[in-house]
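Structural features, examined
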Amino acid sequence: MKKDKEILYKIIEHFDGLDKITAYDLTHKLETLLFYADNPIRVKNLKTIIDSDIEDGHEIDPFHFTILPNGNFCEFMGYNSWLHIYKENKRLLPEWSIFDTYYYKTKYAPLELRKLTRKNLLDDIKDKPEEGNVRTFLKKCSLCKKNVITNKLLVLEV
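To keep things clear, this report deals only with the structure shown in the data block.

**Brief notes about the overall build of the protein chain**
- From N to C terminus, the protein chain includes five helices and five strands.
- Burial statistics for the protein chain: of 158 residues in total, 34% are counted as buried.
- Considering only residue pairs separated by 6 or more positions, the protein chain has 37% of its internal contacts joining residues 24 or more positions apart.
- When the accessible surface of the protein chain is split by element, carbon and sulfur atoms take 55% of a total near 10,900 Å².

Dropping the structure here:
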């Protein structure tokens with residue numbers, strides 16, 4: 001137990017001066033990173049995971065949970081083999097679709113939660129196998145268009 005405390009003391013020194021929400025975000029990213037890490041943990045392996053695409057067959061974010069820097073939680077909305085989509089739970093605004101804000105993670109950057117915009121998505125999948133299909137989809141449909149029957153975002157079907 002004493003060794004655990006010493007390790008925790010070393011880790012929390014890096015949190016000194018951060019606001020709580022940033023610390024929560026970092027710990028969530030660490031959990032996701034550790035999910036993909038080999039055992040025993042090696043810094044070289046962790047850096048490789050951070051800098052490269054995740055392997056096929058792994059979930060992008062196994063926890064399906066995230067907190068935004070503004071303190072709002074994100075609800076997991078759906079996924080496909082390369083994309084996870086989250087919807088921000090806004091505390092003060094009514095639940096009308098015009099106020100919906102979506103975020104995403106890709107298998108190419110599983111630790112980064114980004115706002116779901118046309119530009120961001122296209123930037124993240126540039127020169128990736130999905131780029132052509134997504135561009136074709138975006139010419140026909142809005143990024144946040146939903147299937148009227150399932151209420152699932154159509155971009156997840158790309």
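**Let's talk about the nonpolar core**
- Membership of the largest hydrophobic core comes to 19 residues, with the highest contact counts inside it found for Leu83, Ile85, Leu116, Leu121, Val134 and Val155.
- For this core, the secondary-structure elements that each account for two or more residues are strand S3 (83-88), strand S4 (102-106), helix H4 (118-124) and helix H5 (131-140).
- The residues contacting Val155, other than those within four sequence positions of it, are Asn80, Leu83, Ile85, Leu121, Phe137 and Leu143.
- Formed by six residues, the second largest nonpolar core is a distinct cluster that contains Leu33, Leu46, Ile49 and Leu111.

**A closer look at unusual backbone geometry**
- Here Asp127, not a glycine, exhibits a phi torsion of approximately 65 degrees, which is positive.
- Among the secondary structure elements, Asp127 is positioned in the loop between H4 and H5.
- Asp127 gets classed as exposed once you look at its relative accessible area, which sits at 66%.
- Positive phi, close to 60 degrees, is recorded for Asn151, a residue that is not glycine.
- Along the chain, Asn151 turns up in the segment after H5.
- Looking at Asn151, the relative accessible area reads 49%, which means it is partly exposed.

Rules behind the numbers
- One numbering rule holds for all chains: residues counted from 1, following each sequence as written.
- For a predicted model such as this one, the threshold for reporting local features is a pLDDT of at least 70, and the threshold for listing and counting side-chain atom pairs is 80 or more; totals across whole chains, interfaces and linings nevertheless cover every residue.
- The basis for every side-chain value is the complete set of non-hydrogen atoms in the structure, without hydrogens or water.
- Strands are runs of DSSP state E lasting at least 2 residues, helices are runs of H or I lasting at least 4, and numbering of each runs from the N terminus.
- Categorising residues by exposure relies on relative accessible area from a 1.4 Å probe, with only protein chains included: less than 20% of the type maximum marks a residue as buried, more than 50% marks it as exposed, and the intermediate range marks it as partly exposed.
- Between two residues, a contact is recorded if the distance between any of their heavy atoms is within 4.5 Å.
- To be clear on the numbers: accessible area is Shrake-Rupley with a 1.4 Å probe, and residue cover counts the displayed protein chains and nothing else.
- Nonpolar core, defined: a set of buried Ala, Val, Leu, Ile, Met, Phe, Trp, Tyr and Cys residues in which side-chain atoms within 4.5 Å join the residues together.

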